[in-house]
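# Understanding the architecture of this molecule
Spelled out, the chains give:
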Amino acid sequence: MDVFDKLKILTDAAKYDAACTSSGVNRTAPKDGIGSAASCGICHTFAGDGRCISLLKILMSNACIYDCKYCVNRKSNDTPRATFTPKEIADLTINFYRRNYIEGLFLSSGVIGSPTRTVELMTEALRILRDEYKFYGYIHAKAIPGADKDALALLGSYADRMSVNIELPSADSLGLLAPEKSKQSILDPMGFIRNNIATKGRELSIPGKHFAPAGQSTQMIIGATPETDCKILRLSEGLYNKYKLKRVFYSAYVPVVENSLLPTPDTPTPLLREHRLYQADWLLRYYGFTADEILDEAHPELNRYVDPKCNWAINHPEQFPVEVNTAPYEMLLRVPGIGVTSAKRIVRARRGEKLTFDGLKRIGVVLKRAQYFITCVGKYREGVMITSKSLLTALLSDSAKIDLGRSRQLSMFDRDLLEAGEIKAQVTGEEVVKCLTGQM
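Along every chain, residues carry numbers that run from 1 in the direction the sequence is written. Residue-level local features of this predicted model are given only where pLDDT is at least 70; pairs of side-chain atoms are given and counted only at 80 or more, and the full residue set underlies all totals for whole chains, interfaces and linings. The side-chain numbers reported here are obtained from all heavy atoms of the structure, hydrogens and water having been left aside.

### What about the state of the cysteines?
What counts as a disulfide here is a pair of cysteine sulfur atoms lying within 2.5 Å. Using the criterion set out here, one finds zero disulfides in the structure. Note on C64: no disulfide assigned, nearest cysteine sulfur contributed by C68 at a separation of 6.4 Å. Just so you know, C68 is unpaired, no disulfide at all, and the nearest cysteine sulfur is the one on C71, 6.2 Å from it.

Listed below in structure tokens is the structure:
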């Protein structure tokens, strides 16, 4: 098979893996090398200075000994198969780099023969890139559960980031849909990678090599199995705490295969749910929230109409209003419309003066949302009236307003005005809160 035919098959087969953004490492090449790695977003994401940075995202092989029911590359699926040699991967990467198509490589694979053999083949591709072609660009390698530790150690010595996909949010679902895998076979390499990142690979005795300096990440599939958002967030929180992950990626299940244990092929891909989980994940990593603050058994699913931070604020009116001139940084982060950057700016600015609403606007606070939850020198913003209409206008996107208006249970809205982009609220503030928090 021609190498470009392989390329078409194996880049398409890799598209369902989301765990490959954010390099997290800075490195420049010496005089005899090429390429560099920067701690900015990659794989068609945008860096802080606005640059779009990309990498070659590819499988070494889509032939696999496993028959995971949710996977398009499972062994029982009738799909074209291809396998690269290590040198073909190295040559493709270096030639794409020289043509300025990419800045790095994301390499995963189906399991060829055995997990250890697969990791050895991936490692050989990275060795050619690093040692023979002197490539110093970013490389993300997917560790294969079940591979022995020596093979994983060598793979990690060539990669900037490693990842092990958790796949599904519970051991029960994994046993049902991927019976050849086990929870422990996934968590063991996560622990091995964590320990060697912490020691910078010193215990591996691989001279002159780093070990995954950009850390590790994982991915789980959302919507293929019945786990709640609450269970998913608790799992993510545990992974962050125990395995020191850089990212948990959430991949909305695309029903590309038919199986009685999976959603039918006409089931919509849960993209909004994926989006809400990413927002909640951001609260875990940067805003000081715990999973149990965001969701609990009484409210196990994220609100489809408002983001998780707004939902928390609505459910905790006793925490507001917040006085921006005296509130601790941790509480500022919990105000809708105040992000990490603007909270830091508030703390710096108020050292020299009393902040006003005009000053907050210049700092970057989104007053459209924040004005209902804050005071400046003990006063709300002039003209602010906390009504059902104002809260709805502030906290809901235009599409959510229209969606709410069309909902049968919300006949309280005038749909004609909603279609025109306006809201006519005929309810009390208490009813609005019930609506947004899923109590109506």
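### Quick word on the pairing of strand β7 (residues 138-142)
Relative accessible area decides the class of each residue, using a 1.4 Å probe on protein chains only: under 20% of the type maximum gives buried, over 50% gives exposed, and in between gives partly exposed. Counting from the N terminus, the helices are DSSP H or I runs at least four residues long and the strands are E runs at least two residues long. The buried fraction of β7 amounts to five of the five residues, a majority that puts the element mostly inside the structure. For the handedness criterion, the β-α-β arrangement of strand β6 (residues 104-108), helix α3 (residues 115-132) and β7 is classed as right-handed. Summarising the sheet, β7 and strand β8 (residues 161-163) pair through three bridges and their orientation is parallel. Bridging from a neighbouring strand, A141 pairs with M162 of β8. Chirality of the crossover, the property in question, places the unit of β7, helix α4 (residues 149-158) and β8 among those that are right-handed. If the strands point away from the viewer and the path from the first strand over the helix to the second runs clockwise, then the crossover is right-handed. We treat two strands as partners when DSSP finds at least two bridges between them.

### Focus: the nonpolar core
Within the largest apolar cluster, 116 residues are counted, with the highest numbers of intra-cluster contacts made by L233, L360 and I374. It is α3 that provides the largest number of residues to this core, a total of seven residues. Here L360 is in contact with V324, I346, L355, V365, L367, I374 and C376, once residues within four sequence places are set aside. Definition of nonpolar core: a set of buried residues of the types Ala, Val, Leu, Ile, Met, Phe, Trp, Tyr and Cys, connected through side-chain atoms within 4.5 Å. Contact definition: two residues touch when any of their heavy atoms are within 4.5 Å.

### Describing unusual backbone geometry
Note that the residue after F320, namely P321, is joined by a cis bond; omega there is 5°. Assignment of secondary structure puts P321 in the loop between α10 (308-315) and β11 (322-323). For N100, which is not glycine, the phi torsion reads 65° and is therefore positive. If you trace the backbone, N100 turns up in the loop between α2 (86-98) and β6. Even without being glycine, K244 reaches a positive phi, approximately 55°. Note on placement: K244 falls in the loop between α7 (229-243) and β10 (247-252).

### Thoughts on the pairing of strand β5 (residues 56-59)
Residues L56 and I58 line one face of β5 and the alternating positions K57 and L59 line the opposite face, and both faces are buried. Taken together, the four bridges between β5 and β6 define a ladder with parallel strand orientation. Across the sheet, I58 pairs through a bridge with L107, a residue of β6. A crossover connection joins β5 to the parallel β6 through α2; in handedness this β-α-β unit is right-handed.

### What about the packing of α3 against α4?
Interhelical geometry of α3 versus α4 gives an angle of 25° and a closest axis separation of 9 Å. Here α4 runs roughly parallel to α3, going by the angle between their axes. Here α3 and α4 pass one another in a crossing that is left-handed. Contact residues: α3 offers T116, V119, M122, T123, L126, R127, R130 and D131, while α4 offers A151, L152, L154, L155 and Y158. Looking at side-chain class alone, the contact of α3 with α4 contains eight nonpolar, two polar and three charged residues. Lines fitted to the C-alpha atoms define the axes, with helices restricted to the stretch that makes contact. Angles between their N-to-C directions range from 0 to 180 degrees. Oblique is the label for any angle not covered by the other classes, which are roughly parallel (under 35 degrees), roughly antiparallel (over 145) and roughly perpendicular (65 to 115). A crossing counts as left-handed when the near helix is turned anticlockwise from the far one by less than a right angle, and as right-handed when that turn is clockwise. Under this grouping Gly is polar, as are all residues other than the nonpolar Ala, Val, Leu, Ile, Met, Phe, Trp, Tyr, Cys and Pro and the charged Asp, Glu, Lys and Arg.

### With respect to the layout of surface pockets
Computed from the structure, the largest pocket encloses a volume of approximately 770 Å³. Within the residue set of the lining of the largest pocket, elements represented by two or more residues are β5, β9 (216-222), β10 and α8 (271-286). Residue composition of the lining of the largest pocket, grouped by class: 21 nonpolar, eight polar and eight charged. Only protein atoms enter the 1 Å grid used here. Points where a 1.4 Å probe fits but cannot escape make up a cavity, open sets with protein on both sides within 12 Å along at least five of seven lines make up a pocket, and a residue lines them when an atom lies within 4 Å of a point. Grid points are joined across faces, edges and corners, and a volume is the space filled by probe spheres set on the points.

### As for α7
Between the first and last C-alpha of α7 there are 21 Å, a value that for 15 residues agrees with the 21 Å anticipated at 1.5 Å per step. Buried residues of α7: D229, C230, I232, L233, S236, L239, Y240 and Y243, and no others. Where the residues of α7 are buried, they touch α6 (183-198), β9, β10, α8 and α9 (291-294). Directly after α7, the chain includes K244, whose backbone phi takes a positive value near 55°. The span one expects for a helix is its residue count, reduced by one, times 1.5 Å.

### Considering the side chain of E323
Position of E323 among the secondary structure elements: in strand β11. Buried charged residue E323 carries no salt bridge. Nearest counter-charge: K354, at 6.6 Å. Residues contacting E323, with those up to four places away along its chain left out, are T375, C376, V377 and G378. His is not counted, nor are the chain ends, whereas Lys and Arg count as positive and Asp and Glu as negative. The term salt bridge refers to a pairing of a side-chain nitrogen on Lys or Arg with a carboxyl oxygen on Asp or Glu at a separation within 4 Å.

### Side note on the packing of aromatic side chains
Only rings of Phe, Tyr and Trp enter the pairing, Trp through its six-membered ring, and a pair is recorded when the two centres are within 6.5 Å. The plane angle decides the type: under 30 degrees is stacked, over 60 is edge-to-face, the rest tilted. Under the definition given, this model contains eight aromatic pairs. Aromatic side chains F289 and W312 sit 5.4 Å apart centroid to centroid with 90° between the ring planes, which places their arrangement in the edge-to-face category. Taken together, the residues span a long stretch of sequence, with F289 in the loop between α8 and α9 and W312 in helix α10 at a distance of 23 residues. Residues F289 and W312 agree in their burial class; the two are buried. Ring geometry for F320 and F373: centres 5.1 Å apart, planes at 70°, overall edge-to-face. With a gap of 53 residues between them, F320 in the loop between α10 and β11 and F373 in the loop between α14 (367-370) and β12 (374-375) connect regions that are remote in the sequence. Through a chain of ring-to-ring contacts, three or more aromatic side chains come together here, namely F289, W312, F320 and F373. A ring has a charge above it when a Lys NZ or an Arg CZ is no more than 6 Å from the ring centre and no more than 35 degrees off the ring normal. The positively charged end of R334 is found above the aromatic ring belonging to F289, 4.0 Å away from the centroid. Cation over ring: R334 sits above W312, and NZ or CZ is 5.1 Å from the ring centre.

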